[in-house]
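Notes for the structure review
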Amino acid sequence: MDLGVSAGDPTADLTAGDPAGDPTCDPAVGDPTCDPAAGDPTCDPAGDPTCDPTAADPTTGDPTTANPTAGDPTTGDPTSDDPTAGRDPLLFLQALQTRWPTKELQQLREEAWQGFAALDDPLTGLLDMLEGGRTGGGQGRSLQAWVACELQRWLQAQPLSLRLAPGSPQLGQLQARAAGVLAGSPLSLTELLVSIFRLQDADRSLLLDHIDRLHERGKFKEAILLSTKLKLQPELDLEKMSTPLLLQNKMNLVERYVDGFPDLQRKLLVLMDSWCQPGFDIRDVARRFPTLTAARLEKLSPKPLSRQVLWLLGRCGMDPALCSNVINQQHLGTLQYLCYKRFVEGSLSQENWADHVRDLVGQSEWLQDRLLQLLASHCGVAMTARCALDLSLPEGRLPATVANELSRLRLQERMVQAGRSLEKPSCKDRSSYYQLPIAREDICFLATWEDLARHGPELLQPGGVVGVDLEWRPLFQAARRPCASLVQLAVEGRVLLLDVPRLAQPPGGRGAQALSQLLGQLFSDLSITKLGYGMAGDLRSLGASCPTLADAEKQMRGVLDLQQVHRQMRLAGVPGPVVDAAGAPRGLSLLVQQVLGKPLDKAEQLSNWDLRPLREEQLIYAATDAYCLLEVYRVLCQDPARFHLSMNLAKSLGPRRSSRSGAQEPPGRQEAPPSPQQVPAAVDEGAAPEVSAKDFHVVCDSMLQGLARSLRCLGVDVRVLGAGEDHRRAAEIARLEGRIILTSGLPYHKLQAQVGAGRCLSVDCSLKAREQARAVLRHFNVRVTLSDVFSRCQVCNCDQYLKVSKDMMKHLMQLNGHHEDPSGMGSAPEPAPRDCAYDPPCRWLEASDLQTITPATLGNGTRLQLAGVPAGVLWRPGQWPFYCCTGCGKVFWEGSHLGRLTAHFHEVLETPPPQLL
């Protein structure tokens, strides 16, 4: 494991170049499958650029003229300087082994090629060398892998006529023998044998036997990689192959294993879904694999596992019905949220609540029972009966008291239908909310291309101002991007409501063309001021509904996002109501209250906007959201000083304003801002006082694991919520420990209200982890120095290390059963770093620090994770030390990851001044 990389953890290396996040493709983590010296036929051993697979003999330039009689084959002296002395392959291997420690690879290559030419049968000779050298340690295996790699290159340089024909008896015998050699071969050598002996075309039973033997020996990763390479997946048991990899959080390897096999993908989804059923204990599965020491069971709790299943479900395009447990849990989470909004916050009307719940629960008896439990916990018998009536729940599933109340409600309904008068429920008093100042007939619902042609000119008046808003059906889950259901366009005295689903269908039809043309012309016209609040998100949902408008955000000209103006007002201290109370106005509603005196009524915000026809309340709500933008803009322009804004609203946005040279824009107009960065008004960028990394303390929600590891790599103290912890726990930790909250999505507004301005930051989840880290460090003006890098364990956040000498590390590994090559990978020594740049202030590990030696356990009970140290690191030259985390036992060492990390974060790293001589 390279410095700062969790051994065996594919998610630990945040800056590795592999897009799949697989550590098996990073040479720095000690995996010899990508180590040139470990025998990868696609790599150049030891990085020697002179080694070309198609190159001729290094000594003569012609592989066919290599001297087959070089040396005396009768002497058999393994100490001779001539590695071709004798045709005995074992003597040939021993002669090479005498030169191997010198690592003069060019000379070794020349001698090896001469030796291959001197062998009667190089393929048989290779097998002889591999079978005869099995008892060698890590150094011997590394040499064998190198010899196999060089033989493959030598064979590629030979005429085709000299190669064995596919299907020939001789090749079949060699394949059978090579399959036997596979049983004791490391993965790097296995790859070479598959290629040299064309084992992908060999008898399948031989290969399947080898896969079984790898599995029995606990080589689960090697087994799944080899079976993937040989396309053996349909003939193997999916659960047997994938379970140990899933337990080690190596989902990327399992995905590759089932890629291209729909039947296996279905089986994998069913397996993972079965782990999400209520009452399932993943520890029961882990007990079947006692040899797994790096199991990551916390990653397999229902919540994170459900996210993986949903992602895989979408990636494979499978029927969600395959994953009933995950879908039910997802729906249950949505039910809990809807009940909270309806019965705790009171921000969701009964009608809207019933619309969503009816679609969600359907005929599922399991969800119906969970819904009744939720209703019993939130409301009394009368309301539960009312909900059961609205949802048409089966009476047989209701408690007796609720069923009796339901019968009474039904009787009342029959009385109403019979003409008997009942007291009408009182209407909601809306006088405390902003009222739409235009008549109902001035709200126009446009659903055809003829409607657009008739009303379109009203929007395209030069110098005009248009309020823009969108509505979409709430998803309640982050499974996909929402699709716009309605576009509201407000001009003075009128609001146009565009029915996007009807106009956009069919794609390419007259309605879709008219919609795209009208909005494209409106958005790109610089002479028309477009007003919005958080317009970037609105436009992305519009692009999801109408692909021809996918680039609408880039086409925007002459737009003013009042959300940015509102942010400036908050920073300037414009007074407003306390926002931490339940139901207090937020966002646009808060801006309307601050400017116009009354907030917006948001009762219809979470209604089902896909329903047709829309209810009258929905039409009024949609028109109000767009028209209020015009009135807010007018008041801000009339008296900007009252709101601590400049005379030109665009200028009040500081660096976000348009900078088009020569453009004479009317007050308040600006170019479309770039894609919004989810950085709330914690502090104005650049205004925060500088803070050192070691004094910067944060708490992240469970969705920001990658960001947490990146920040820890840079020395930041980061706590992370567990997979099952409520987001409110972050606020408690922040208050008790003085931490900044880093979160994403819906919890941001609730958390910000609990900790105050500047103590909560919403992180853009579309960014990669290291990009998120850079944004956070810049936002809070955090100073990071080279001494901060890797000063904390990125796995457990501990900042206490012990330095371990190479000799002690070798001794501990041998005593704990991890001999010189614990993984059997057979890698050559890793190159040592040029200069020791990493030297944290910590003391050396002494024997007295160990509670026990087997297993190696520190005095505080932490067991050292020695299995993650590959042989290649132990065999590199020099006395470079190791470092062990006293919190979790991870072992680190200096390698290429340090250089990669400093390169990725060079913009935020404070480089030390040059030393004066």
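Above this text sits the structure in question.
A few points on the structure. A quick note: this is a predicted structure, and the numbers were derived from the prediction, not measured.

A word on the side chain of D701. Counting through the fold element by element, D701 comes out in the loop between β8 (697-700) and α27 (705-713). Only 2.9 Å separates the side chain of D701 from the backbone nitrogen of M703, close enough to count as a polar contact. Apart from residues lying up to four places away in sequence, D701 is in contact with V720, L721, H727, L742, T743 and S744.

In this section: the nonpolar core. The biggest cluster of nonpolar side chains holds 82 residues, and the ones touching the most others in it are L126, F197, L199 and L268. Here this core gets nine residues from one element, more than from any other, and that element is helix α4 (residues 138-156). Within the second largest apolar cluster, 37 residues are counted, among which are L486, A490, W609 and L630.

Below, the discussion takes up the packing of aromatic side chains. Tallied over the entire structure, the rule returns ten aromatic pairs. Their ring planes at 10° and their centres at 6.4 Å tell us that W275 and F280 sit as a pair that is stacked. For W275, a relative accessible area of 5% corresponds to the buried category. Ring geometry for Y801 against F892: centres 6.1 Å apart, planes inclined by 90°, an arrangement best described as edge-to-face.

Relative to the helices and strands, K229 resides in helix α8 (residues 220-229). Residue K229 is classed as partly exposed on the basis of its relative accessible area of 42%. Each C-alpha atom of the pair K229 and Y257 lies 9.0 Å from the other, and the pair is 28 residues apart in sequence. For K229, the contacting residues outside a window of four places in its chain are E191 and V194.

This brings us to the pattern of salt bridges. Inspection of the entire model under this criterion finds 35 salt bridges. R729 is the salt-bridge partner of E725, the closest N and O atoms lying 3.7 Å from each other. Its relative accessible area of 32% is what places E725 among the partly exposed residues. Owing to a relative accessible area of 30%, R729 belongs among the partly exposed residues under this scheme. What emerges from the salt-bridge pattern is a single network uniting E351, D355, R358, E604, R615 and E617.

This brings us to unusual backbone geometry. Geometrically, the link from R612 to P613 is a cis peptide bond, its omega value of 0° lying close to zero. Residue P855 is bonded to the preceding T854 through a cis peptide linkage, with omega at -5°. Checked against the element boundaries, P855 lands in the loop between β14 (850-852) and β15 (857-858). One non-glycine residue, K231, adopts positive backbone phi at about 60°. Checked against the element boundaries, K231 lands in the loop between α8 and α9 (238-247).

Spatial strand order, β9-β8-β10-β11: four strands in an open sheet with parallel pairing. Edge positions in the open sheet fall to β9 (717-720) and β11 (760-762), since each of these has one partner strand only. Strand after strand, the sheet turns through a mean of 25° between neighbouring axes, direction not considered. Note: β8 against β9, four bridges, orientation parallel. Looking at β9, one finds that V699 is bridged to R719. Strand contacts of α27: β8, β9 and β10 (740-743), with the helix running at about 160° to β9, the strand carrying the most contacts. Here helix α29 (residues 747-755) sits on the sheet in contact with β10 and β11, set at roughly 165° to β11.

Relative to the helices and strands, V595 resides in helix α25 (residues 587-596). For the pair V595 and E631, spaced 36 residues apart in the sequence, the C-alpha separation amounts to 9.0 Å. When neighbours within four sequence positions are excluded, V595 is seen to be in contact with M569, V632, V635, L636, R642 and F643.

Criteria and cut-off values
Residues numbered from 1 in each chain as written. Predicted model: local features only at pLDDT ≥ 70, side-chain atom pairs only at ≥ 80, totals over all residues. Heavy atoms only, no water. Helix = DSSP H or I, 4+ residues; strand = E, 2+ residues; numbered from the N terminus. Polar contact = N/O pair within 3.5 Å; in protein donor to acceptor, adjacent residues only side chain to side chain. Contact = heavy atoms within 4.5 Å. Core = buried A, V, L, I, M, F, W, Y, C linked by side-chain atoms within 4.5 Å. Buried < 20%, exposed > 50% of the residue type's maximum accessible area, 1.4 Å probe, protein only. Phe/Tyr/Trp six-rings, centres within 6.5 Å; stacked < 30°, edge-to-face > 60°. Salt bridge = Lys/Arg side-chain N within 4 Å of Asp/Glu carboxyl O. Pairing = 2+ DSSP bridges. Axes fitted to C-alpha atoms, helices over the stretch in contact; angles between N-to-C directions.

Purely geometric numbers; function is a separate question.
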